[in-house]
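Analysis of the macromolecular model
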Amino acid sequence: MDPPAGPGHLPLEPFKTKVVERIRLPSREEREAALQRAGFNLFNLTSEEVFIDLLTDSGTAAMSDRQWAAMMVGDETYAGSRNYAHFEAAVRELTGFPHIVPAHQGRAAENLLFSLLARPGTTVPNNMHFDTTRAHVLRNGARAANLAGAEAYDVVSDAPFKGNMDVARLEELLTAERGKVPLVMMTLTNNTGGGQPVSLANLTEVAGVCRAHQVPLYLDMCRWAENAYFVREREPGQSGRTIREIGRSIFDLAEGATMSAKKDGLVNIGGFVATRDPGLAERLREQLIVFEGFPTYGGLARRDLEATAVGLLEATDLDYLEHRIGQVRFLADRLAAAGVPFLRPPGGHGIYLDVRRFLPHLTSAQLPGQALAIEIYREGAVRTVEVGAVMFGDGETPDPMHPPLELVRLAIPRRVYSASHLAYVADAVIAVWQRRAAVRGVRMTYAPEHLRHFTAHFAPV
Ligand SMILES: Cc1ncc(COP(=O)(O)O)c(C=O)c1O
């Protein structure tokens, strides 16, 4: 028999369960009390207050038996741990980058890289900066430019590579700001724009422009394996290649990368910066010692490095990726059948509800994305996250209250939830969709200066 296929099919798990974790659906009264207590910010909920947690796919993966076994061979030596050697070998084998600097997570890697390369008066282009990437660029006084093509902002287009960069705009920017662009970043997949992939063809063009302008190209490679899956599926001539072969084609185009191993490293904590530049690697390690720790552990327990070495390779298994992307598609098909509007096509790590079509009666000032995330929690104790005016609407956005995309992300943790869980999520979202006209807006009652979505407070209006 062949694996199941076609719209709405159940994604077939290429694993079975060895350990379970109890979860419980809080009552309606408990959910209401939790919302009040949390200041209507879902980041403030406790795990006991959440039934299905789709807040993030970052650091929430279930590790495999092989990864747990790897944890047991942790060699907690301060300097020269053998786990670091395994980790370094795994990253080199996958990426071909010679210099690997471990860090405790993606933003720590970004801190190391941007504090060395970004300066006031410089600009860092990206297809679309993720919130922490953008925060590190701004923190170092540089400007963060998003150069994704127009398709990235078209929520109904089914274009296959909506993460692509607009190469003409990149060329223009590099010409206009000659000498003021320390690096170009490409985020794989484009998380802020719906987990949409970048094609190998686009990366090749971007790399060519970078080379012509002598500006290094770095990848934000958090979800590179998911990106490679889409390349294999959608790009002419790629279907016969393995994920690792496609990965090498991607990495060969870049000077280096930052990685949050909490995504396609299938671990709960970890990351790194990788580079081909030996001088930069030296300076990164100096920074590392100040902020993270010695270069053979980088702010991590050595057992975590061992688990990452295993997880990075597991994430390239095609059966795993079929299931992973299959889960996203399963949820998408259920929502689509009920007419729920979401950013198309479904991305690699979740569904992004299109808030402007979901709640057209709310104005931007009524923070409709936050209102929708609250309502989905209220309905089913499903935790999601706003990716819109709250996350990105601060002083740096041209029109802070009206970002180009207003979304609510349902991020699916890797190897954690079953198809029944996802069917339950679909039912909760559909229930809110059916009573959408009655959903009220919210206002912000407290906001910090940076990354405000994490700690802001809200109240219904
Ligand atoms: C595209 C992207 N870059 C960087 C990061 C930051 O990684 P971390 O959460 O490990 O600091 C994330 C995390 O969600 C991300 O999605």
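Attention in this report is confined to the structure presented alongside it. (Residues numbered from 1 in each chain as written. Predicted model: local features only at pLDDT ≥ 70, side-chain atom pairs only at ≥ 80, totals over all residues. Heavy atoms only, no water.)

Let's talk about the overall build of the protein chain
This is how it is decided: By definition, any uninterrupted DSSP run of H or I lasting at least four residues is a helix, any uninterrupted run of E lasting at least two residues is a strand, and each is numbered from the N terminus. The buried label goes to any residue with under 20% of its type's maximum accessible area, the exposed label to any with over 50%, and the partly exposed label to all in between, with areas taken from a 1.4 Å probe on protein chains only. Residue exposure ignores everything except the shown protein chains as possible cover, and the areas themselves are Shrake-Rupley values with a 1.4 Å probe.
Helix and strand content of the protein chain: 16 helices and 14 strands. Seen through its C-alpha atoms, the protein chain measures out along the principal axes to roughly 60 × 55 × 45 Å. Considering the protein chain as a whole, with its 461 residues, one finds that 59% of them fall into the buried category. For the protein chain, the accessible surface area stands at approximately 18,100 Å², while carbon and sulfur atoms represent 54% of it.

Considerations on the environment of phenylalanine 114
Take phenylalanine 114: it is sitting in helix H4 (residues 106–117). Classification of phenylalanine 114 as buried rests on a relative accessible area of 0%.

Considerations on the site of the ligand
Under the convention used in this document: Here a residue counts as near a molecule or strand whenever at least one of its heavy atoms sits within 4 Å of it. N or O atoms closer than or at 3.5 Å make up a polar contact, with two conditions inside protein: a donor-capable atom paired with an acceptor-capable one, and, for residues adjacent in sequence, both atoms drawn from side chains. Nonpolar residues are Ala, Val, Leu, Ile, Met, Phe, Trp, Tyr, Cys and Pro. Charged residues are Asp, Glu, Lys and Arg, and all others, Gly as well, are polar.
Contacts to the ligand come from 15 residues, most closely from Gln105, Arg107, Asp220, Ser260 and Lys263. At 2.7 Å from an oxygen atom of the ligand is found a side-chain nitrogen or oxygen belonging to glutamine 105. In this structure, serine 260 approaches the ligand through a side-chain N or O atom, which is 2.7 Å from an oxygen atom. About the coverage of the ligand: the protein hides 97% of its 390 Å² of free accessible area. Ranked by residue count, the leading element in the shell around the ligand is H4, at three residues. In the shell around the ligand, the residues fall into two nonpolar, seven polar and six charged.

Digging into the pairing of strand S8 (residues 271–275)
The cut-off we apply is this: Two strands are said to pair when DSSP picks up at least two bridges between them.
Here S8 lies mainly inside the structure; five of its five residues are buried. Residues Gly271, Val273 and Thr275 of S8 are buried on one face, and the alternating residues Phe272 and Ala274, pointing to the opposite face, are buried as well. Bridge count between strand S2 (residues 99–103) and S8: five bridges; the pairing is antiparallel. Paired with isoleucine 100 across the bridge in S8 is alanine 274. As judged from the five bridges shared by strand S7 (residues 256–260) and S8, these two strands associate in the antiparallel manner. Each residue of the ladder has a partner; that of glycine 256, found in S8, is threonine 275.

Remarks on the nonpolar core
Filter applied, for reference: The term nonpolar core refers to a set of buried residues drawn from Ala, Val, Leu, Ile, Met, Phe, Trp, Tyr and Cys, joined through side-chain atoms within 4.5 Å. When checking whether two residues touch, look at their non-hydrogen atoms; a contact exists if any pair is within 4.5 Å.
With 53 residues, the main nonpolar core has Leu170, Val184, Val206, Leu219, Trp224 and Phe272 as its most contacted residues. Those residues in contact with valine 184 that sit more than four places away from it in its chain are Pro125, Met165, Leu170, Leu174, Val206, Cys210, Val215, Pro216, Leu217 and Tyr218. With 52 residues, the next largest nonpolar core counts Leu42, Val340, Ala389 and Ile430 among its residues.

With respect to the sheet that holds strand S9 (residues 350–354)
Operational definition: To get an axis, a line is fitted to the C-alpha atoms, and for a helix only the part in contact is used. The angle between two axes follows their N-to-C directions and goes from 0 to 180 degrees.
If you walk across this open sheet you meet the three strands as S9-S12-S11, and the pairing is antiparallel. Sheet topology places S9 and strand S11 (385–387) at the edges, where each strand pairs with a single neighbour. Within the sheet, the average angular offset between the axes of one strand and its neighbour, ignoring direction, is 35°.

Section: the packing of helix H3 (residues 82–95) against helix H9 (residues 243–251)
For the record, the criterion: In these notes the angle categories are as follows: under 35 degrees is roughly parallel, over 145 is roughly antiparallel, 65 to 115 is roughly perpendicular, and the rest is oblique.
At a minimum axis separation of 7 Å, H3 and H9 run at an interaxial angle of 85°. The orientation of H3 relative to H9 falls into the category roughly perpendicular. Contact residues: H3 offers Arg92, Glu93, Leu94 and Thr95, while H9 offers Arg244, Arg248 and Phe251.

Topic: the pattern of salt bridges
Pairing between side chains of opposite charge can happen when their charged atoms approach one another. Short version of the rule: Any Lys or Arg side-chain nitrogen located within 4 Å of an Asp or Glu carboxyl oxygen qualifies as a salt bridge.
Going through the model one piece at a time under the given rule, you end up with 26 salt bridges. Glutamate 282 is the partner of arginine 285 in a salt bridge, and the nearest nitrogen-oxygen pair spans 3.8 Å. One end of the pair, arginine 285, and the other, glutamate 282, are both in helix H10 (residues 278–291), three residues apart, so they sit about a helical turn from each other. Overall, glutamate 282 belongs to the partly exposed group, its relative accessible area being 44%. We note a salt bridge from aspartate 354 to arginine 357, for which the minimum N-O separation is 2.6 Å. Classification of arginine 357 by relative accessible area gives partly exposed; the value is 37%. By sharing partners, the salt bridges in this structure join Arg28, Glu32, Glu375, Arg378, Glu379 and Arg435 into a single network.

Quick look at the environment of valine 231
Assignment of secondary structure puts valine 231 in helix H8 (residues 224–234). Along the chain, valine 231 and isoleucine 246 lie 15 residues apart, while their C-alpha atoms are 7.7 Å from each other. In contact with valine 231, not counting residues within four places along its chain, are Phe161, Val198, Ser199, Leu200, Gln238 and Ile246.

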